[in-house]
Amino acid sequence: MDTASCKSRGRRHMPLMTTTPDTTAAQASAEAPRLLPFGNRFAELPPAFYTRLQPTPLPAPYLVGFSDEAAATIALQRPVAGTDDEAFLDVFTGNRIAAGSQPLAAVYSGHQFGVWAGQLGDGRAITLGDVPAADGHGRIELQLKGAGKTPYSRMGDGRAVLRSSIREFLCSEAMAALGIPTTRALAVTGSDQRVMRETAETAAVVTRMAPSFIRFGSFEHWYYSQRFDDLKVLADTVLEQFYPALLRQDNPYKALLTEVTRRTAELMAQWQAVGFMHGVMNTDNMSILGLTLDYGPFGFMEAFDARHICNHTDSQGRYSYQMQPRIGQWNCFALGQAMLPLIGSVEDTEAALAGYEAVFEAKQDALLHAKLGLKTSRPDDDKLIDAMFTILQNSHVDFTLFFRHLGNLQIGNPAGDEPLRDLIIDRPAFDAWAEQYRARLRTEDSDDAQRRLAMHAVNPKYVLRNYLAQVAIERAQQKDFSEVEKLLAILRRPFDEQPEHEKYADLPPGWASHLEVSCSS
Ligand code: AMP
Ligand code: MG
C-alpha cells in the first residue's frame, strides 16, 4: 500500500509512472462520432482557466460498467454490441473526439491536509464538453478521468487504475441512489495497458458527469495569484450558470458564499447520516455546487468508531468520520477567504459563513430523527441520541445494520429485538436504551408498521461496503464484469429489501478487516 501522503503526490515521490509509453494523442477525425450534442461552456472562459488538449488513447478498450440511470439524465442509450458500441468505447476512453466536443483540462489550486498546496488542476481528468440535461434544466459536463497526462499532471501519469475507477463508478451511483448530492458516473472502460502503482495494474477511464466540476480550489487559485479580475469572471460564471436567482441579491457574491456554505453543511450532515467518509476533503475536492466530488479512498462506516479514518495515509485523522463536519466548515472558510475581494468586507464574509453550524445541526437533527423513526422533536431527544451513539461506539456496532434492524423494533415486543441485540456486545446497555427508546416512541403513539416503512425508506439496507467493491474489482481484473453490473443494480435500490440479495447486506467477512485504502489510484 502507498506510504506517501496524498498531499505530497507527485512532488517528492514518483510512484505514478506507466510502464508502457502512451501512444499518440486522439485526433478529431473527419467522421467524428455524433453520440451526443456536445458543446463546451467552460471553453468560453478566458484561456488562463484551462488548457485545450487531446486525451491520450488506450489500446483495445472494453466496457467495464455502464449506468443506465446516469445515461438517462443526458438522454443517452446503453450502447448495443455490434452497432454504436465501438464509437461509444472510443469516445469514452478518449480514443476519438466526438463532434462538438472540445477537450480541456482546468486549472485550480487548493489546501491539501490543511496546508496551501499552490497550483494543482485536472491532472488526469479531461472535460469533453457539456450536453443538455434530459430534464431540460441546464447542461451536464462530461469528464474522462484517467485519460492521460495534462499540463497539471506534475509527476503523475495521468492514468487511473481499474480498481479505483470501479470504486468511483459504483460509489457515485450508490450515493445518487441514496439521495445524496454527488457527481454521477456514466461508464467505466478498461484497457490492458499496464499502469504502475504499488504493483502493476491496468488502466481504466471513468466518464463522470456533473453540471460543473468547479471546486473551492478554483476560487482559491485566482485569489492566491491575486488575479481578482479572473476571480470575478469565475464567480460571475458560477452565478449566471448555476445560481441565477442570487444575481438579484444586493451582494450576489455574499449570497453565493452563503448558499455554498449552506449546501456544504447539509452535505456533511447527509454524509454523517449514512456513515460515508470521503477520505480526502482537501479544498480542491470540494464542489462549488455542494456535490460529493472526487471519490478516492472513501469508505462507509461498518463497525462504528467516530474516530475511524478511511484513508490510511491520513495518519493524523484530519479527515476521520467525526472530523468531517468541522472540515467542511474549515473548507468554507477557505472559500470565504478567497471570495473576500469580491464580497468586499470581512463582516459580510463572516456573515455568509455564520450559518454553517445552524444549518448542519438542523439537518443532522432532522436526519437522525428520521433514522430513529421519530415524527416529533422533544427537548430530551439529544440525550437519547447521544446514548445511542455511546452504544454504537462502545460495541463497535455495524452502522448500516443497526439502523436497518432498529426499523423492525416492535414497541410491545422486546423479545423480538434479537437480530438487533445480536449486533451489540454490551447487551444490558442496549436493553436500557431500548426501554427509553420505546418510552419515547409511545409519547407520539408510534405505529410499528408505519414506523418500519418510514425508517426503511431512510436507513439503507445496501451500501458499498469495501469488501463488496473488492470482490467486484477482483472479478473485473479477471475480465468478468458481471459483479460490477450486479452490485450497481443492488446499490441502485439501497432501501429495498431485495431478499434475493440478502448476503450483500451481511456483516463483512473476516478477511475484509485487512482491506486498506490509500490515495494511490
Ligand atoms: P486527488 O488527491 O486525487 O484529489 O488528486 C490531487 C491532484 O493530483 C489533482 O490535481 C489530481 O488531478 C492529481 N492527480 C492524482 N492522480 C494523478 C495521476 N495519476 N496523474 C496525474 N495527476 C494526478
Ligand atoms: Mg481531486
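Residues numbered from 1 in each chain as written. Chains lettered and ligands numbered in written order. Predicted model: local features only at pLDDT ≥ 70, side-chain atom pairs only at ≥ 80, totals over all residues. Heavy atoms only, no water.

**Student:** I keep staring at the domain arrangement of the protein chain and nothing clicks. Help me out?
**Tutor:** A common way to express how large an interface is: the accessible area buried when the components associate. Splitting the protein chain by domain gives domain 1 (25-213), domain 2 (217-299 + 313-366) and domain 3 (374-445). Each of domain 1 and domain 3 was reduced to a C-alpha centroid, and the two centroids are 44 Å apart. (Domains from an automatic or database assignment.)

**Student:** Sorry, what's going on with the coordination of the magnesium ion (ligand 2) here?
**Tutor:** Reference geometry at the metal: tetrahedral coordination by four donors gives ideal angles of 109.5 degrees; octahedral coordination by six donors gives 90 or 180 degrees. Of the protein atoms, only N285 (OD1) and D294 (OD) coordinate the magnesium ion (ligand 2), at distances of 2.0 to 2.1 Å. Its relative accessible area of 10% is what places N285 among the buried residues. Residue classification places D294 among the buried residues on the basis of a relative accessible area of 13%. (Donors = N, O, S within 2.8 Å, 3.2 Å for Na, K, Ca; no water. Buried < 20%, exposed > 50% of the residue type's maximum accessible area, 1.4 Å probe, protein only.)

**Student:** What is the right way to read the pairing of strand 5 (residues 115-119) from this model?
**Tutor:** It is a general feature of regular strands that their side chains alternate between the two faces of the sheet. Bridge count between strand 4 (residues 109-112) and strand 5: three bridges; the pairing is antiparallel. Each residue of the ladder has a partner; that of Q112, found in strand 5, is V115. Joining the antiparallel neighbours strand 4 and strand 5 is a turn of two residues, in which F113 adopts a positive phi near 50°. (Pairing = 2+ DSSP bridges. Helix = DSSP H or I, 4+ residues; strand = E, 2+ residues; numbered from the N terminus.)

**Student:** When you look at the site of ligand 1 in this model, what are you seeing that I'm missing?
**Tutor:** Near ligand 1 there are 17 residues, and of these G121, G123, R154, G158 and N285 occur at the shortest range. Within the side chain of R124, one N or O atom sits 3.1 Å away from a nitrogen atom of ligand 1. Within the side chain of N285, an N or O atom sits 3.0 Å from an oxygen atom of ligand 1. Against a free-state accessible area of 490 Å², the protein chains account for coverage of 92% of ligand 1. Among the residues forming the shell around ligand 1, the class breakdown is two nonpolar, seven polar and eight charged. (Near = heavy atom within 4 Å. Polar contact = N/O pair within 3.5 Å; in protein donor to acceptor, adjacent residues only side chain to side chain. Areas by Shrake-Rupley, 256 points an atom, 1.4 Å probe, with all protein chains shown as cover. Nonpolar A, V, L, I, M, F, W, Y, C, P; charged D, E, K, R; others polar.)

**Student:** What exactly am I supposed to notice about the packing of helix 10 (residues 381-395) against helix 11 (residues 399-406) here?
**Tutor:** The relative placement of two packed helices comes down to the angle between their axes together with the axis-to-axis distance. For the pair helix 10 and helix 11, interaxial distance at closest approach is 11 Å and the crossing angle is 130°. Considering the angle they form, helix 10 stands oblique to helix 11. Note that helix 10 runs across helix 11; the crossing there is right-handed. Taken together, the residues of helix 11 that come into contact with helix 10 (itself represented by M388, F389 and L392) are F399, F402 and F403. In the contact of helix 10 with helix 11, the residues fall into six nonpolar, no polar and no charged. (Axes fitted to C-alpha atoms, helices over the stretch in contact; angles between N-to-C directions. Parallel < 35°, antiparallel > 145°, perpendicular 65-115°, else oblique. Left-handed = near helix turned anticlockwise from the far one by under 90°. Contact = heavy atoms within 4.5 Å.)

**Student:** Before we go on, may I ask you to explain the environment of A105 in this structure?
**Tutor:** Here A105 is to be found in strand 3 (residues 104-106). In the structure, A105 is positioned 63 residues away from F42 in sequence and 9.9 Å away in space, judged by C-alpha atoms. For A105, the residues in contact, after removing those within four places along its chain, are F49, Y50, T51, L53, D122, A125, T150 and Y152.

**Student:** Looking at this structure, how should I read empty space enclosed by the protein?
**Tutor:** Unfilled space is identified by rolling a water-sized probe across the atoms. Applying the stated criterion across every chain yields a total of seven cavities of 30 Å³ or more. In this model, the second largest cavity occupies a volume close to 100 Å³. Around the second largest cavity sit 13 residues that line it, and F42, A106, D122, F213 and I214 are the ones nearest its centre. Contributions of two or more residues to the lining of the second largest cavity are made by strand 3 and strand 7 (139-145). For the lining of the second largest cavity, the per-class residue count stands at seven nonpolar, three polar and three charged. (1 Å grid on protein atoms, 1.4 Å probe; cavity = no way out; pocket = protein on both sides within 12 Å on 5 of 7 lines; lining within 4 Å. Points joined across faces, edges and corners; volume = space filled by probe spheres on them.)

**Student:** Honestly, a negative patch on the surface in this entry has me stumped. Any pointers?
**Tutor:** Taken together, the side chains of E357, E361, D382 and D386 define an acidic patch exposed on the protein surface. Those elements giving two or more residues to the negative patch turn out to be helix 9 (356-371) and helix 10. If you trace the backbone, E357 turns up in helix 9. (Patch = residues over 30% accessible without salt bridge, like charges linked within 9 Å, V, L, I, M, F, W, Y side chains within 5 Å. Salt bridge = Lys/Arg side-chain N within 4 Å of Asp/Glu carboxyl O. Lys, Arg positive; Asp, Glu negative; His and termini not counted. Charge placed at Lys NZ, Arg CZ, Asp CG, Glu CD.)

**Student:** Please explain the nonpolar core as it appears in this structure.
**Tutor:** Most often, soluble globular proteins keep nonpolar side chains buried together rather than apart. One finds L186 and F219 to be the most contacted residues of the largest nonpolar core, which totals 121 residues. Counting residues per element, this core draws most heavily on helix 6 (residues 252-274), which supplies eleven residues. Counting the residues that make up this core, at least three belong to each of domain 1 (25-213) and domain 2 (217-299 + 313-366). M277, L372, L420 and M455 belong to the second-largest nonpolar core, a separate cluster that totals 31 residues. (Core = buried A, V, L, I, M, F, W, Y, C linked by side-chain atoms within 4.5 Å.)

**Student:** Which parts of the structure should I look at to understand helix 8 (residues 346-353)?
**Tutor:** Working note: α-helix, 3.6 residues per turn, so residues spaced by three or four point in the same direction. Buried residues of helix 8: T349, A352 and L353, and no others. Across the axial projection of helix 8, the buried residues extend over an arc of 95°, all falling on one side. Opposite the packed face of helix 8, turned more than 90 degrees from it, sit the exposed residues E347 and E350. As for helix 8, its buried residues are in contact with helix 6, helix 7 (324-343) and helix 9. (Arc of directions from axis to C-beta.)

**Student:** Is there a simple way to explain the packing of helix 4 (residues 216-224) against helix 7 in this structure?
**Tutor:** It is at 9 Å that the axes of helix 4 and helix 7 come closest, and there the two elements cross at 40°. Considering the angle they form, helix 4 stands oblique to helix 7. Here helix 4 runs over helix 7; the crossing is left-handed. Residues F216, F219, E220, Y223 and Y224 of helix 4 form the contact with helix 7, whose own contacting residues are N331, C332, A334, L335, Q337, A338, M339 and P341. Residues of the contact of helix 4 with helix 7, tallied by class, amount to ten nonpolar, two polar and one charged.

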